Amino acid sequence: MWIKKAFLFCSFFIFISCAELQQVVNTLPQTGIGIDNTTIANGLKQALDRGIDKQVAKLTQQDGFYKNQLVKILLPQELQKVDQTLRDIGLGSLADEGLKVLNRAAEDAVKEATPIFIDAVKNITFADAKNILIGPDNAATNYLEQRTNVALYSKFNPVIKNSFSKVGADKIWSNIITRYNSVPFVTKVNTDLTDYVTKQALEGVYKMISIEEKDIRTNISARTTTLLRQVFALQD
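Definitions and cut-offs
- Residues numbered from 1 in each chain as written.
- Predicted model: local features only at pLDDT ≥ 70, side-chain atom pairs only at ≥ 80, totals over all residues.
- Heavy atoms only, no water.
- Core = buried A, V, L, I, M, F, W, Y, C linked by side-chain atoms within 4.5 Å.
- Buried < 20%, exposed > 50% of the residue type's maximum accessible area, 1.4 Å probe, protein only.
- Contact = heavy atoms within 4.5 Å.
- Helix = DSSP H or I, 4+ residues; strand = E, 2+ residues; numbered from the N terminus.
- Salt bridge = Lys/Arg side-chain N within 4 Å of Asp/Glu carboxyl O.

Considering the nonpolar core
Nonpolar side chains in soluble globular proteins tend to be buried together. One finds Ile-40, Leu-44, Phe-117, Phe-156 and Trp-173 to be the most contacted residues of the largest nonpolar core, which totals 65 residues. In contact with Trp-173, other than residues within four places in its own chain, are Leu-75, Leu-79, Gly-98, Val-101, Leu-102 and Leu-193.

Below, the structure written as C-alpha cells:
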C-alpha cells in the first residue's frame, strides 16, 4: 500500500512540475525576464543547427559510419548467415569489405541531407518551440525527423543506389552473393540492399542529432552561446 501511495505522490509531483513548466513557457512574453517567443524559437533552431553542423557532418567523412559504433550499419538478418559462411570458409576479408562498402554508401548519401534539414529548421514556429522545449531529451530531433524523413528517404535512396556503383558495392556484393550461393547445401539469397541501407543511414543521422540535443539539454557547459544558455535554462 505504501508503495502505491509513494508512486501516486511521485506521479502527482511530476505532473505538477510539467504543468508549471508549461505555464511558464506559455506566459514567457509577460514574465519580464527578457525572453520572448522569437528568442525561444531561435534558441531551438540554434540547438538543431549545432546538431547538424557538429554531428551530421561527422557522418559524411570516411568511416563516419563504419568506425562509429553508434551508427555503424550492420548486415540485415537474412545476410548475417552469408557473412558467417564466408568467414567460415576463409573469406573473412571479402565479408569485411562487403560491410565496409555499405557504410561508405551511407556516408556518401548523408552529404545530401543538410539542405533539407536547414529548410526544416527555418520553419520552426513558436508553437513548435514550446512543445520542443518542454519535451523529452530528443524532442527537437523528433520534430526534425517528422518533417524530413520522407524528403530525406527520397533524396538518400537514389544517392545510395548510385553510391553502390561509385564505391564498388554493387560488384563486391554481386561477388559475395555469387560466392555464397556456390557453397553446397546453402539456401540461395538475392537481397536488394538499397532500401535497407537508406533506412539505416537515416536512423544514424537522427541518432547523432539526438546525441547533441541531449548534451545541450543536460550539460550546461555544452550551451556555448548566450542564446542557448538563456533558452535552455528554462527547462533546467
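There is more to say, and it comes next.
As for helix H7 (residues 126–133)
The element H7 is largely enclosed, with a buried count of six among its eight residues. All of the buried residues in H7 are Phe-126, Asp-128, Ala-129, Lys-130, Ile-132 and Leu-133.

Points about the pattern of salt bridges
Scanning the model with the defined rule gives twelve salt bridges in all. Put simply, Lys-54 and Glu-212 hold a salt bridge, and the shortest N to O gap is 3.7 Å. Placement of Lys-54 in helix H3 (residues 37–59) and of Glu-212 in helix H10 (residues 194–218) is noted, with a sequence separation of 158 residues between them. Judged by its relative accessible area of 38%, Lys-54 is partly exposed. Residue class for Glu-212 comes out buried when judged on its relative accessible area of 2%. The shortest N-O distance in the salt bridge between Arg-104 and Asp-63 comes to 2.9 Å. Taken together, the residues Arg-104 in helix H5 (residues 92–110) and Asp-63 in the loop between H3 and helix H4 (77–88) connect sequence positions 41 residues apart. What you see here is one network of salt bridges that share partners, running through Asp-63, Lys-67, Arg-104 and Glu-107.

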